[in-house]
Amino acid sequence: MPFEQDRLQSQLAKYLPQPLFVLFKNLNALQYHDGKGNLTATIEGDMDSARSFVSNTTTKDEDSDSDQEEETHKVSKHRRRMASVQEENLESRVLKQHPLYINLFLQCRSSDQLPAANQGVKVQLYIYYMVNMNMVTVKSELVDGSSAACSVTADDLLEANSILSSIFPDDHGTTCPSSFSQSQLDKLAPSTLSNLRAKIGTPFRWAQRLAGLSVLSMEVTEPKLSSVSVVVKKLKTLVLNRVELVHQLADLEKCNLAVPSNSGELLPRQLPQTKLYHWSRCTFEDFSELAHADEYVKSGAVTPECIIYLAKLTCFHVKVLAHVSISGDYPSTRPIVLLKIEDRQPGECLTRNNSNAIRCIEREINLGKIEETESIVNQLNLQLVRLAWCCDVLIAVNTHETGSPQASLHVKFVPHCRRGRDRQLPLTYNSTTGFFGYSQ
């Protein structure tokens, strides 16, 4: 049976367009090199349609090279052809796909460090060639994602565009990869590529490169893009990380904020007094309207492609609002936390615009040192637990300085509550002494 299948695939490969042929041969070589069934690339489609497509293309080439002696016959033939072309739908002509396409199956197996729920996540990629636009498009779906579909606010994080657009920076498939394909798309105005991606797929620049097609510009280096194995490895890692992120988000929706067992010496073993009581999705438009978020938006640290959440925490009379921005390549890029603390007095709030303490906490959470014992897939949960402990320290320091008996927090910190010109807080935990102190 395998020999018969290989023979059929070899016959189909003869009718593949050049871009898909190049990509299929590279994927086929990687499949035999893997040898574990983690990657399977097959050619699918109608062979008769592909054979007819090649025959029609050859006929058109011969007609264009015919002698001038048949000029009268060519004119009449051209008129009949133009009449038939006018009857065709413009959109179907521009968006014409080759009859054959590549079906790429990936078995994403996680390492021993990831939870067992991530074992055996399967991804299906469908790679098409747009004939008249001369570009490659990609569609994908999660074949076995039942274990990941457990979050209400993160149900879109495992969609095709959300996953594939994060393989390489600034490659979201929202623009045509070449000026020629853009000129063809302009014929369908006012339709845009964003409106058509659900129908034809997404023309990622990395897909064009792997198929040997030229692109307008590339942000990543040429050697990385020329390797199919690098792209496949990145995709597998991204899928597993995204599945783990969805599990973390599902726990946060239930306000379950626990200290991970693999947090090492970063945090105390007991839970902080500051508790999470709300977790919801936030839009980029709402985030950009925040006065204390202006610097993050202007610098490009938070973009419309980021996944933004609003976390609400409380401790005694203090209410903490934290906007958490998660990038598409999480956990390669750490989430960004933006804070706002409200006291019981109405109108009183602390942000990075008016408080050195808030800037100090944000710096500790967003830029703090990551120890080797910290599990990178639990980075979001660890940052939120660290945020809760930083809020405990802030309240404890203020209680110590004012002598107020309102808060009774069991937080031990160094005798010097603040240090330096910016009045830095003791936010770094020392597991040896059990005290919060200052980073060296």
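In short, a report on the structure. (Residues numbered from 1 in each chain as written. Predicted model: local features only at pLDDT ≥ 70, side-chain atom pairs only at ≥ 80, totals over all residues. Heavy atoms only, no water.)

1. Observations regarding the sheet that holds strand β5 (residues 275–282)
The antiparallel open sheet is built from 5 strands, whose spatial order is β5-β6-β7-β8-β9. If you trace the sheet from one side to the other, it starts and ends with β5 and β9 (349–350), each paired once. Summarising the sheet, strand β8 (residues 336–342) and β9 pair through 2 bridges and their orientation is antiparallel. Bridge pairing in β9 links Glu342 to Cys349. Sitting on the sheet, helix α11 (residues 228–253) touches β5, β6 (307–315) and β7 (318–326), and the angle it makes with β5 is about 125 degrees. Where helix α14 (residues 356–367) meets the sheet, it contacts β8 and β9, and its direction lies at approximately 150 degrees from that of β8. (Pairing = 2+ DSSP bridges. Helix = DSSP H or I, 4+ residues; strand = E, 2+ residues; numbered from the N terminus. Contact = heavy atoms within 4.5 Å. Axes fitted to C-alpha atoms, helices over the stretch in contact; angles between N-to-C directions.)

2. Observations concerning the pattern of salt bridges
The tally for this structure, following the rule as stated, stands at 7 salt bridges. Salt-bridge contacts for Lys298 lead to Asp294; the nearest nitrogen and oxygen are separated by 3.1 Å. With a gap of 4 residues between them, Lys298 and Asp294 both fall in helix α13 (residues 294–299), about one helical turn apart. With relative accessibility at 36%, the residue Asp294 sits in the partly exposed group. Measuring nitrogen to oxygen at the nearest pair gives 2.8 Å for the salt bridge that ties Glu295 to Arg352. Separated by 57 residues along the polypeptide, Glu295 in helix α13 and Arg352 in the loop between β9 and α14 bring together distant segments of the chain. The class of Glu295 is exposed, set by a relative accessible area of 51%. Judged by its relative accessible area of 16%, Arg352 is buried. (Salt bridge = Lys/Arg side-chain N within 4 Å of Asp/Glu carboxyl O. Buried < 20%, exposed > 50% of the residue type's maximum accessible area, 1.4 Å probe, protein only.)

3. As for the side chain of Gln208
Mapped onto the elements of the fold, Gln208 is located in helix α9 (residues 205–210). Under the relative-accessibility criterion, Gln208 is labelled buried at 1%. Leaving out residues up to four positions away in the same chain, Gln208 has contacts with Met135, Val136, Pro177, Pro203, Leu213 and Val215.

4. Overview of the nonpolar core
Formed by 91 residues in total, the largest nonpolar core has its most connected members in Leu106, Trp206, Val239, Leu249, Ile326, Leu380 and Leu387. The contact partners of Leu106, leaving out residues within four places of it in the chain, are Asn38, Leu39, Val121, Lys122, Val123, Leu125, Val232, Leu235 and Lys236. Grouped together as the second largest cluster of nonpolar side chains are 11 residues, Met130, Met133, Leu185 and Leu188 included. (Core = buried A, V, L, I, M, F, W, Y, C linked by side-chain atoms within 4.5 Å.)

5. Looking at helix α8 (residues 193–200)
Within α8, burial applies to Leu193, Leu196, Arg197 and Ile200. Buried positions in α8, seen along its axis, are confined to an arc of 130 degrees and lie on one side of it. For α8, the exposed residues lying more than 90 degrees away from the buried face are Asn195 and Ala198. In the stretch just after α8, Gly201 is the one whose phi turns positive, near 100 degrees. (Arc of directions from axis to C-beta.)

6. So, the sheet that holds strand β1 (residues 39–45)
One open sheet accounts for 4 strands, arranged β1-β2-β3-β4; its pairing is antiparallel. The open sheet has two edge strands, β1 and β4 (135–142), and neither has a second partner. Neighbour-to-neighbour, the strand axes of this sheet turn through a mean angle of 20 degrees, independent of strand direction. In this sheet, β4 lies alongside strand β3 (residues 121–130) in antiparallel orientation, the contact comprising 8 bridges. Directly across from Ile127, in β4, lies its bridge partner Val138. Against the sheet, helix α2 (residues 18–34) makes contact with β1, β2 (100–108), β3 and β4, and its axis sits at roughly 145 degrees relative to β1, the strand it touches most.

7. Focus: the environment of Pro335
Mapped onto the elements of the fold, Pro335 is located in the loop between β7 and β8. With relative accessibility at 1%, the residue Pro335 sits in the buried group. In the structure, Pro335 is positioned 28 residues away from Ile307 in sequence and 9.4 Å away in space, judged by C-alpha atoms. Setting aside anything within four residues of it in sequence, one finds Pro335 in contact with Val324, Ser325, Ile326, Tyr330, Asn366, Gln379, Leu380 and Gln383.

8. Topic: the side chain of Ser181
Relative to the assigned elements, Ser181 resides in helix α7 (residues 179–185). When its relative accessible area of 0% is taken as the criterion, Ser181 is described as buried. If near-sequence neighbours (up to four positions away) are discounted, Ser181 is found in contact with Met133, Met135 and Cys176.

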